[in-house]
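Results of the structural survey
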Amino acid sequence: MTAEHFAGPGGPGAVPRLQVTGVSKTFGSNRALHEVSLEVAAGEIHGLIGQNGCGKSTLTKILTGYHAADPGGSILVDGRSLRQPVRPLDARAHGVGVVHQSLGLVDDRTVVENLRLGRFRAHGVARHIAWRHEREQARAVLERLGRPLPLQALVGSLSEEERATVAIARALQDTQDGRGVVVFDESTRSLTRAALEAFYAMLDDVVATGTSVLLISHSLEEVLAATDRVTVLRDGRTVASGLRTADLSEADLVHALLGRALDGAGARKPADPDRPVVEIRAVAGKGVQEAGLDIARGEIVGVTGLTGAGHEELPYLLTGVRTAEQGTVSIDGRAVRLAGLDCAGAIEAGIVLVPEGRERQGLALELSVSENLVLPQRGGPGRRALSRLDRSQDRELVAEWVRTLDIRPPRPELNVGQLSGGNQQKVLLAKWLATRPQLLVLHEPTQAVDVGARHAIAEAIRAAADAGCAVLVAGSDENELAVLCDRVLVFRDGRIAEELTDDVPAERIVQAIYRDAVRRPLRRSRVPQRTRRT
Ligand SMILES: Nc1ncnc2c1ncn2[C@@H]1O[C@H](COP(=O)(O)OP(=O)(O)OP(=O)(O)O)[C@@H](O)[C@H]1O
């Protein structure tokens, strides 16, 4: 596909808020960006999409001065050239603000501290922080966004919507009314559906100040609902620029992103109810009361519910990450008591967890892809020396998983920290699938991965089930559950309240989750051309 271009909402002749032209970036022998171009017009929310590892975060990091671009190329903000390599203070002075993945907030700090971190002004010989000044600045930016907040409240105590407000206001400080651009790098990943609605309303408010928005996202539903135009990167190149989202369907975006349509899921062997089951009994602990269920070998069971219903806690109680008050998991008749179980005990029993939040809970970022993949089998530092046969088996195993999950770049010697977010998620999944567990427990397994990789991950989970593993998937994405699961259990108030069997289409899952509540659309109306306050 050749790069396509459409005139932006700013109208012909209007100076774009952000104009990136011919920017490249090379890491060692890996060319992450090839002469990328991107134009964000005045008065718009612009989407940026692409497969895992296509260079979205690298571009953001070049804009903020974290990475230096290769020589050549230019970046203009409101028509003013941003000197390269970009210096962080210069990026701010030009009006480039960034909201990082999962909002990037420090929970045990106050609103004013989170807003002003990295900007504090110190005075006097003792270099005291001028708190009055900091509070004034914080108050001013919240007012600009039209959403005052208690400045001394701890961010961890705020509602999701308020936390999003802090993150957006922090980035907005780097822009002035009528200028600049705020980049959201997969910022909405941890927000619930209810908080998303408020989040999009805030994006409208940002654009109403005259500052534009660049929204990086893997959720095509979000891109269609929230953006005016979209630019698509593939393998580090711009393959479509400034497409009007009103003219596009999800299938169009998939095609632009992958360069092909998605294949349908292949048929799966039905689970064999006569084969021994995994029996989960009377599990109780944080957020869960007396949960019990059976999973046949080869079966994939989903657990879901509204936020706080208990389904998100179950994976951690079953795998020794969180201490359960009571409960057992029996595999082939051998019972494991959950009270007092730790992670090592769970792994020994064949129960493994692919957690949400890979950085904190799942991967050693400073170790290579190979080391991470073989860690559960071989142990960490201090393990016995490996024979030549062991090493060759490890190489085969690593090559197989890199291929199966299309881990990019396919270079097992790279540190996991050098991979893009979505590719890290694939390594995490592969690491535990490679142990050939008896019970595989997953929490939001396709979080942060692109639509193509989601497909590869679903296939790998199905293959594990077909090989005889019992699978439990906890998640909130009804489409993911509908594609993956044979059965779905819906939690309410810490208990399993409903079971959906046979065919479980996404609509049935949504109806069951929201039985007593109202599910609002992701966004009620899109206002393509916004009124500016200036
Ligand atoms: N610090 C680094 N050192 C070496 N290579 C890197 C580094 N950071 C990124 N890369 C490589 O650059 C390429 C682009 O990565 P980037 O994180 O920008 O992708 P992305 O589009 O943001 O992906 P995702 O959607 O998975 O977050 C990848 O091949 C990645 O491995």
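Nothing here was measured: the structure is a model prediction, and the numbers come from that model.

Moving on, we come to the side chain of glutamate 312. Inspection of the secondary structure puts glutamate 312 in the loop between strand S15 (300–305) and helix H9 (314–318). Buried and unpaired, glutamate 312 has arginine 322 as its nearest opposite-charge partner, separated by 8.0 Å. Among the polar contacts made by the side chain of glutamate 312, one reaches the main-chain amide nitrogen of glycine 308 at a distance of 3.0 Å. Excluding anything up to four places from it in sequence, glutamate 312 contacts Leu306, Thr307 and His443.

Taken together, 19 residues lie near the ligand, and Gly53, Thr58, His218, Ser420 and Gly422 sit nearest. One of the backbone nitrogen or oxygen atoms of glutamine 418 is found 2.8 Å away from an oxygen atom of the ligand. Here an oxygen atom of the ligand and a backbone polar atom of glycine 422 are 2.7 Å apart. Protein contacts shield 88% of the accessible area of the ligand, which totals 640 Å² for the unbound molecule. Breaking the shell around the ligand down by element, the ones donating at least two residues are strand S2 (30–40), helix H1 (56–63) and helix H14 (421–433). Of the residues forming the shell around the ligand, the biggest block, three residues, is contributed by H1.

Bringing the sheet that holds strand S10 (residues 212–216) into the picture now. Spatially, S6-S9-S10-S3-S11-S12 is the arrangement adopted by the six strands of the open sheet, whose pairing is mixed. The outermost strands of the open sheet, each flanked by one partner alone, are strand S6 (96–99) and strand S12 (237–244). The sheet shows a mean angle of 20 degrees between the axes of neighbouring strands, taken without regard to direction. Strand direction decides the pairing type here: strand S3 (residues 45–50) and strand S11 (residues 229–234), joined by five bridges, are parallel.

The next subject is the environment of histidine 34. The residue histidine 34 is located in strand S2 in this model. What makes histidine 34 buried here is its relative accessible area of 17%. With 21 residues separating them in the primary sequence, histidine 34 and glycine 55 have C-alpha atoms 9.4 Å apart. Setting aside residues no more than four positions away along its own chain, histidine 34 makes contact with Val23, Ser24, Asp235, Gly236 and Arg237. Here arginine 237 takes part through its side chain, which lies 3.4 Å from a polar atom of the side chain of histidine 34.

It is worth spelling out the pairing of strand S20 (residues 470–474) at this point. Across the five residues of S20, five count as buried, placing the element largely inside the fold. Residues Ala470, Leu472 and Ala474 point to one face of S20 and Val471 and Val473 to the other, with burial holding for every one of them. Here S15 pairs with S20 via four bridges, running parallel. Note that in S20 the partner of glycine 302 across the bridge is valine 473.

Procedures and definitions
- Residues numbered from 1 in each chain as written.
- Predicted model: local features only at pLDDT ≥ 70, side-chain atom pairs only at ≥ 80, totals over all residues.
- Heavy atoms only, no water.
- Helix = DSSP H or I, 4+ residues; strand = E, 2+ residues; numbered from the N terminus.
- Buried < 20%, exposed > 50% of the residue type's maximum accessible area, 1.4 Å probe, protein only.
- Lys, Arg positive; Asp, Glu negative; His and termini not counted.
- Salt bridge = Lys/Arg side-chain N within 4 Å of Asp/Glu carboxyl O.
- Polar contact = N/O pair within 3.5 Å; in protein donor to acceptor, adjacent residues only side chain to side chain.
- Contact = heavy atoms within 4.5 Å.
- Near = heavy atom within 4 Å.
- Areas by Shrake-Rupley, 256 points an atom, 1.4 Å probe, with all protein chains shown as cover.
- Pairing = 2+ DSSP bridges.
- Axes fitted to C-alpha atoms, helices over the stretch in contact; angles between N-to-C directions.

Purely spatial values, then, with no claim about function.
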